[in-house]
Each structure stands twice: as structure tokens, then as C-alpha cells.
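Remarks on the overall topology
What follows is the residue order along each chain.
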Amino acid sequence: MIFGRSERGKPPVEPVTLKILVAGGFGVGKTTLVGAVSEIRPLRTEELLTEAGRPVDDTSGVEAKSTTTVAMDFGRITLREDLVLYLFGTPGQERFWFMWDELSEGALGAVVLADTRRLEDCFAAVDYFERRAIPFLVGVNCFEDSARYPEDAVRRALDLDDDVPLVLCDARDRESVKEVLVGVVQHALTQAARRRSAVTT
């Protein structure tokens, strides 16, 4: 940029900024997902798991996990010159759910990360976004030691509506995460167009 103009002489583009939440159960990969795709150093509010939290923190299936998000993760990714996503990772443990209302304010949509080893852990996130009519996509994080199930089986287990997208992903892989984020933006825009059409007809 040279004095507020691009090198080609075109005026700078003012990007549209969109807020996307990343939710799901404890240890499902939310912090990893935000970190994998963020173009800035992600803000993390992680604390060490302690003996005091052992009675309330179910680490079965994620025994190697030593930290937990206590407030949020924050990252940013530019999908196009005119489109920037701000990512907010929610805390996964029940005792921090009071923060979800604050974080969801103004969100375009959400990604609900799921782990097939602990599928029931994402029920709360699915219910939350359904009740508030916030468009969401379910991303099944494919851990190396997790079983693979047909999409229809996972959809039935989560009792998802037919129009809720469900995709397989790897929260560690930037390109995989970008596809998930593009999917949730497209889904949210489609839902918004449907609502506008319903109002005008």
C-alpha cells in the first residue's frame, strides 16, 4: 500500500468482517482449529488442568490433555481481499458456558466440532445454536485413533436437521479448516437469504 492506495492505483478495499464461533466439547480441538488457520498469533486463554478440577473435567478419551480454555480463543483469517473472518473459540467445559451468550453476540454462524469417541459432548453446542437460530455446521474432527462412521450415522446420532451441513475435517490442517469455514459462511448466507425470502412472500 502507498498512501492509502494499492500499488495498481486502485482504492483500497474495505473488507467485510464476519464473526464465527468455534464450539464443541472439552478436548475436541477448538484451540487447535483456531491456531491452524489464524494469520495472526492466536489469543489463547488456557490454564493447566489441576487435581481440583478432576471431579468435574471428564478427560476420558483425551487423557493426554493438560490444559483447558477458560475464556476464549481468538484468531483471524482473510478468505478474500474483501472478506475477513474473526474466529472465537468457546470454552468447552460446562462451568464456563455462561460466556457463550457474550461470545455469540453478533455472530454470523458457528462451527460445532465433534469427536466420534465422545459424540455426546457436542450435544450442548448443537442445542445452543438450534435454540438461538444461529446457523451452524458440524465438523467431525478425524482424530487418528477414532473410528470412522458414515455421515448418515453421525447425523442420526446428533439428530441434525437435514439442512445442517456435516463435514469431515482435520483441525490441525489449514486447508481442511479453511474448507470448514467457507462452508459455514455459505450456509449462514443461504439461511439468511431464505429468511429474507420468507419475509417478502
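Because the structure is a prediction, the values reported are computed rather than measured.

What the rule picks out here adds up to six aromatic pairs. Here Tyr128 and Phe129 contribute two aromatic rings whose centre-to-centre distance is 5.3 Å and whose plane-to-plane angle is 90°, an arrangement assigned as edge-to-face. Considering the side-chain rings of Phe129 and Phe136, the 6.2 Å spacing of their centres and the 35° angle between planes classify their relative orientation as tilted. Accessibility classification places Phe129 together with Phe136 in one group, the buried group. Site record: aromatic cluster; members linked through ring pairs are Trp100, Tyr128, Phe129 and Phe136. Note that Lys19 overlies the ring of Phe88, its terminal NZ or CZ placed 4.8 Å from the centroid. Above the ring of Phe143, the side-chain terminus of Arg117 is found at 4.4 Å from the ring centroid.

Attention now goes to a negative patch on the surface. On the surface, Asp127, Glu130, Asp159, Asp161 and Asp162 cluster together into a negatively charged patch. Mapped onto the elements of the fold, Asp127 is located in helix α3 (residues 123–131).

Attention now goes to the pattern of salt bridges. Scanning all chains against the criterion turns up ten salt bridges. With a closest N to O distance of 3.6 Å, Glu151 and Arg155 form a salt bridge. Of the two residues, Glu151 and Arg155 both sit in helix α4 (residues 151–158), four residues apart, roughly one turn of that helix. Judged by relative accessible area, which is 40%, Glu151 ranks as partly exposed. Each of the salt bridges in this network shares a partner with another, and the network as a whole consists of Asp115, Arg117 and Asp145.

This paragraph deals with the nonpolar core. A general trend in soluble globular proteins is that nonpolar side chains are found buried together. Grouped together as the largest cluster of nonpolar side chains are 26 residues, with contacts concentrated most on Leu21, Val112, Phe129, Phe136, Val138, Leu158 and Leu160. Counting only elements with at least two residues in this core, the list comes to β1 (16–24), β3 (67–80), α2 (100–104), β5 (109–114), α3, β6 (136–141) and α4. Setting aside its immediate chain neighbours within four residues, Leu160 contacts Val126, Phe136, Val138, Arg155 and Leu166. Residues Ile77, Leu113, Val184 and Val185 belong to the second largest nonpolar core, which totals 21 residues.

Of all nine residues that make up β1, seven are buried, and the element is covered over most of its length. Bridge count between β1 and strand β4 (residues 83–89): seven bridges; the pairing is parallel. When the sheet's bridge partners are listed, Leu18 is paired in β4 with Leu85. Both β1 and β5 contribute to a ladder of five bridges, which runs parallel. Residue Val22 lies in a different strand from β5, and its bridge partner there is Val111.

What follows deals with helix α5 (residues 174–200). In this model α5 runs 39 Å from its N-terminal to its C-terminal C-alpha over 27 residues, within 8% of the 39 Å that 1.5 Å per residue would give. Listed as buried for α5 are Ser176, Val177, Val180, Leu181, Gly183, Val184, Val185, His187, Ala188, Gln191 and Ala192.

With that settled, consider α4. Val154, Arg155 and Leu158 are the residues of α4 that are buried. Buried residues in α4, looked at end-on, bunch into an arc of 100°, giving them a common side. Residues of α4 that are exposed and point over 90 degrees away from its buried face: Asp152 and Arg156. Check the buried side of α4 and you find it contacts α3, β6 and β7 (166–169).

Here we come to the confidence of the model for the protein chain. On average, the protein chain scores 83 in pLDDT, and the residues at 70 or more come to 77%. The model gives residues 1–6 a pLDDT under 50, and that stretch makes seven contacts with residues more than four places away or in other chains. For residues 49–54, every residue scores under 50 in pLDDT, and the model assigns this stretch eight contacts once sequence neighbours within four places are set aside.

With that settled, consider unusual backbone geometry. Phi at Ala133 is positive, roughly 55°, even though this residue is not glycine. By the element assignment, Ala133 lies in the loop between α3 and β6.

Conventions adopted
Throughout, a residue's number is its position along its own chain's written sequence, starting from 1. Residue-level local features of this predicted model are given only where pLDDT is at least 70; pairs of side-chain atoms are given and counted only at 80 or more, and the full residue set underlies all totals for whole chains, interfaces and linings. Derived side-chain values reflect all non-hydrogen atoms in the structure, with water molecules and hydrogen atoms excluded from consideration. Ring geometry is summarised as follows: Phe, Tyr and Trp rings, the Trp one being its six-membered ring, pair when their centres sit within 6.5 Å, and such pairs are stacked at plane angles under 30 degrees, edge-to-face over 60 and tilted between the two. Exposure categories follow from relative accessible area, calculated using a 1.4 Å probe and restricted to protein chains: below 20% of the type maximum is buried, above 50% is exposed, and the middle band is partly exposed. The criterion is that NZ of a Lys, or CZ of an Arg, lies within 6 Å of the ring centre and within 35 degrees of the ring normal, and then a charge sits over that ring. Surface patches are drawn from residues lacking salt bridges whose relative accessible area is over 30%; two like charges belong together within 9 Å, two nonpolar side chains (Val, Leu, Ile, Met, Phe, Trp, Tyr) within 5 Å. In these tables, accessible area is a Shrake-Rupley quantity obtained with a 1.4 Å probe, and a residue counts as shielded only by the protein chains included in the view. When a carboxyl oxygen of Asp or Glu is within 4 Å of a side-chain nitrogen of Lys or Arg, the pair counts as a salt bridge. This count recognises Lys and Arg as positive and Asp and Glu as negative, with His and chain-terminal groups excluded. The atom standing in for a charge is NZ when the residue is Lys, CZ when it is Arg, CG when it is Asp and CD when it is Glu. Numbering of helices and strands starts at the N terminus; helices are DSSP runs of H or I of at least 4 residues and strands are runs of E of at least 2. Joining through side-chain atoms within 4.5 Å is the link that ties buried Ala, Val, Leu, Ile, Met, Phe, Trp, Tyr and Cys residues into a set, and such a set is a nonpolar core. It only takes one pair of heavy atoms within 4.5 Å for two residues to be counted as in contact. At least two DSSP bridges between two strands are required for those strands to pair. Multiply 1.5 Å by the residue count of a helix minus one, and that product is the helix's expected span. Our arc is simply the arc of the directions from the helix axis toward the C-beta atoms. Scored between 0 and 100, pLDDT is the confidence that the predictor attaches to each residue.

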